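# Per-entry structural report
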Amino acid sequence: MYTKDGESYFIVDAHIALWDARPENQKNVHGKQFIDCFYDYHANLSPDAEKWTYEEYLYQGGERLVKDLFEDGYVDHAIFQPAHLGEFYETGFGQTEEAWALTQAHPGKLTYNHHFDPRNGEAGLEQLYLDAQRFDLKGVKLYTAEWHGESRGYKLTDPWAYRYFEACRELGITNIHIHKGPTIRPLDRDAFDVADVDHVATDFTDLNFVVEHVGLPRLEDFCWIATQEPNVHGGLAVAMPFIHTRPRYFAQIIGELLYWIGEDRIQFSSDYALWTPRWLVEAFVDFQIPEDMTEYAPITTEQKKKILGLNAARMYDIDVPAELRLPEADETETGPRQPEAADMAAV
Amino acid sequence: MLAVLTDRHADVRSALDTVIDPELDEPVTDLGFVRSVDVEVDAVTVHLRLPTSFCSPNFAYLMASDAKDALAALPWADRVVVELDDHHDSDLINRGLAADAGYVGTFGHEAESDLDELRLTFRRKAHTAAMERCLTRLLRAEPDRTVASLSTVTLAELVHDDATAALRRRREAIGLATTPRARVMVDASGAGYAPDDVPMALRRARSTRISIDGNAHFCRGLLATRYPGSEADQAYRPEGTESADVTFIPLAELKEHP
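We now turn to the structure provided with this report. Numbering of residues starts from 1 in each chain and follows the order in which that chain's sequence is written. Written order determines the labels here, with chains lettered from A and ligands numbered from 1. Note on the predicted model: pLDDT of at least 70 is required for a residue's local features to be given, and 80 or more for side-chain atom pairs to be given and counted; whole-chain, interface and lining totals, by contrast, use all residues.

### Describing the overall build of chain A
Defined as follows: Each helix is a run of DSSP H or I of at least 4 residues and each strand a run of E of at least 2, with the numbering of both proceeding from the N terminus. A radius of gyration in this sense is built from C-alpha atoms; the matching globule rule multiplies 2.2 Å by the number of residues raised to 0.38. Partly exposed residues are those whose C-beta has more than 12 but fewer than 20 other C-beta atoms within 10 Å; with 20 or more the residue is buried, with 12 or fewer it is exposed, and the C-beta atoms are placed from the backbone. Whether two residues are in contact depends on their C-beta atoms, placed from the backbone: they are in contact if these lie within 7 Å.
Check the secondary structure of chain A and you find 12 helices and 10 strands. Taken against the 2.2 N^0.38 rule, which gives 20 Å for 347 residues, the C-alpha radius of gyration of chain A at 19 Å falls within 12% of a compact globule. Considering only C-alpha atoms, chain A reaches an extent of 50 × 40 × 40 Å along its principal axes. Within chain A, buried positions represent 53% of all 347 residues. Within chain A, counting contacts between residues at least 6 apart in sequence, those at least 24 apart form 78% of the total.

### As for the overall build of chain B
Along its length, chain B carries 10 helices and 5 strands. If one aligns the C-alpha atoms of chain B with their principal axes, the spans along those axes are about 60 × 50 × 35 Å. A total of 258 residues make up chain B; the buried ones form 42% of that total. By sequence separation, contacts in chain B at least 24 residues apart represent 68% of the contacts at least 6 residues apart.

### A short note on the interface of chain A and chain B
Where we set the bar: Three categories are distinguished: nonpolar for Ala, Val, Leu, Ile, Met, Phe, Trp, Tyr, Cys and Pro, charged for Asp, Glu, Lys and Arg, and polar for the others, with Gly belonging to the last.
Contacts between the two partners involve 36 residues from chain A and, on the opposite side, 44 residues from chain B. For the side of chain A that touches chain B, the secondary structure elements donating two or more residues are helix H1 (29-45), helix H8 (219-228) and helix H10 (247-260) of chain A. If you tally residues by element for the side of chain A that touches chain B, the top one is H1(A), at 8 residues. Its residues assigned to classes, the side of chain A that touches chain B comprises 17 nonpolar, 5 polar and 14 charged.

### Comments concerning helix H12 (residues 301-315) of chain A
All names here are of chain A. In plain terms, the rule: Here a helix's expected span is defined as the number of its residues, less one, multiplied by 1.5 Å. Consider a residue and the seven residues that end there alongside the seven that start there; fitting an axis to each set, the bend is the angle between those axes.
Taking 1.5 Å of rise per residue, the 15 residues of H12 would be expected to cover 21 Å, and the 20 Å separating its terminal C-alpha atoms lies within 8% of that figure. The sharpest bend along H12 reaches about 55 degrees and sits at Ile307. Across the 15 residues that make up H12, a large majority, 11, are buried. Taken residue by residue, H12 has Lys304, Lys305, Lys306, Ile307, Leu308, Gly309, Leu310, Asn311, Ala312, Ala313 and Met315 as its buried positions. At the C-terminal side of H12, Asp317 shows a positive phi close to 50 degrees.

### Considerations on the sheet that holds strand S5 (residues 79-84) of chain B
Residue and element names in this part refer to chain B. The line we're drawing: Pairing between strands is defined by DSSP: at least two bridges between them are needed. Axis definition: a line fitted to C-alpha atoms, limited for helices to the stretch in contact. Angles are taken between N-to-C directions and run from 0 to 180 degrees.
The 3 strands lie next to each other as S3-S4-S5, forming an open sheet whose pairing is mixed. Strands at the two margins of the open sheet, each flanked by one partner only, are strand S3 (34-40) and S5. On average, each strand axis in the sheet is tilted by 10 degrees relative to the strand beside it, whichever way the strands run. Each of S3 and strand S4 (43-48) touches helix H1 (residues 2-17); the most contacted strand, S3, lies at about 140 degrees to it.

So, in structure tokens, the structure goes:
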């Protein structure tokens, strides 16, 4: 919980990882390239005081995670969203056993979401049933640009993906977190395109689809799809740290999201260990849409509370103390949420 | 001889100025993506660099092969080598470029036909963003104008500034008319909007413009983090987040700081 100016905020960090990218776990040069890319994100978007060394960044371990999130970071509950990356790392990037052990060691503080890959066919489907039971899965994280043998990606509309979604429905895995990545077959089209989310969201209206990074670098495509599909949500992983480096751009992102999808479907995350939650939570509570950006309505304390935790808590049935709860906004299920706030002449 | 090589360096720069990052709608030269240029009489070697090793391989290939085509068109350039550095597909792409294998020949089973549709998708986005910039400027300049009235605004009604020039180029690139009476507020097929539909369409165009501007700046920042010093090679690009006041620079100030 974070308290400032008499207001208390229940914090859910909806996208975290416990990764191991140390050289001994790297399978090939791509393992190094991948963590180097993450480290550049970290170095480029973090305030100087929050920058880690490259060595710290390669691996954190459970103890440090617990400290960064729950002791220093105001987080009440965090959700693992592991990326497997089995072609890049010996034991995978996200450390399943370590994360699961940590989840069990801290009851009520952590939720473990696992991953699946529809290209694993029947065998992977069997595994999903076992994993659902073992981890009591409510959600999964899908990285569509995952490499897999000769293949470097899949679409959510692939027939096998549909088989897995049908299994999710049966198993009560209702929250599908999607990370669009850049290397997908065929290369003829835009790999970041979120159009396949549109299709599955229409065909599986009883599942929630949380598009991580709010569709960045295709924010506009995400907003357009999400405004039409009531079961599509936006995760703020990677978008959050712009609050420091480019606050006016961050204001545009938040302004667009509140306009197109509304305050009940946006989820905060630090994307730990890309960044740490403490400074992001503090900055977001202090954040306001700049006054001259009159095309967006000011962001309210209630909206901040929902984004920082209440929205994800609702999706994951996380118990929130009664005094910190808020009702859902009486907003339209589809279409723009704040047309009256659109001052077209301003930018 | 030195003078000839200097001229040829300039030729190479001009050729590379025509190579556009389709996603960011900017020349690779302005983005700082050109890492090195070596000219030896009739031979030119260019190294390209990108903000991350996991930038989309299709865009990476497009820029590298466009660069090779542009350089090969220089009358004196008999030997042209273009190499993409530090990308997860560098080996694949560089082999393909060296052999002039084309897109399908380079990527094999990962490619289907060509990248024309991909290019078109992003030219359309670039047009949408350029259109929004012009119409938002118009709205600011004419505070009494209604948004719905933008439906009938023609190219002739726009002021002759950089934004309008950019819009004309983006229209040409996707085959839209650039005649004076052509409507500005159109979709990629050239179809206009009813007045009632303009606010939502313009709002959507704005999210496209914000997305492109946002990515352009993120990519610049990442390039500078990855290759310290590369920021010196990057041309200034407005953030696209400036307040209305800041974008209206008084004429007097422009004269003082040309």
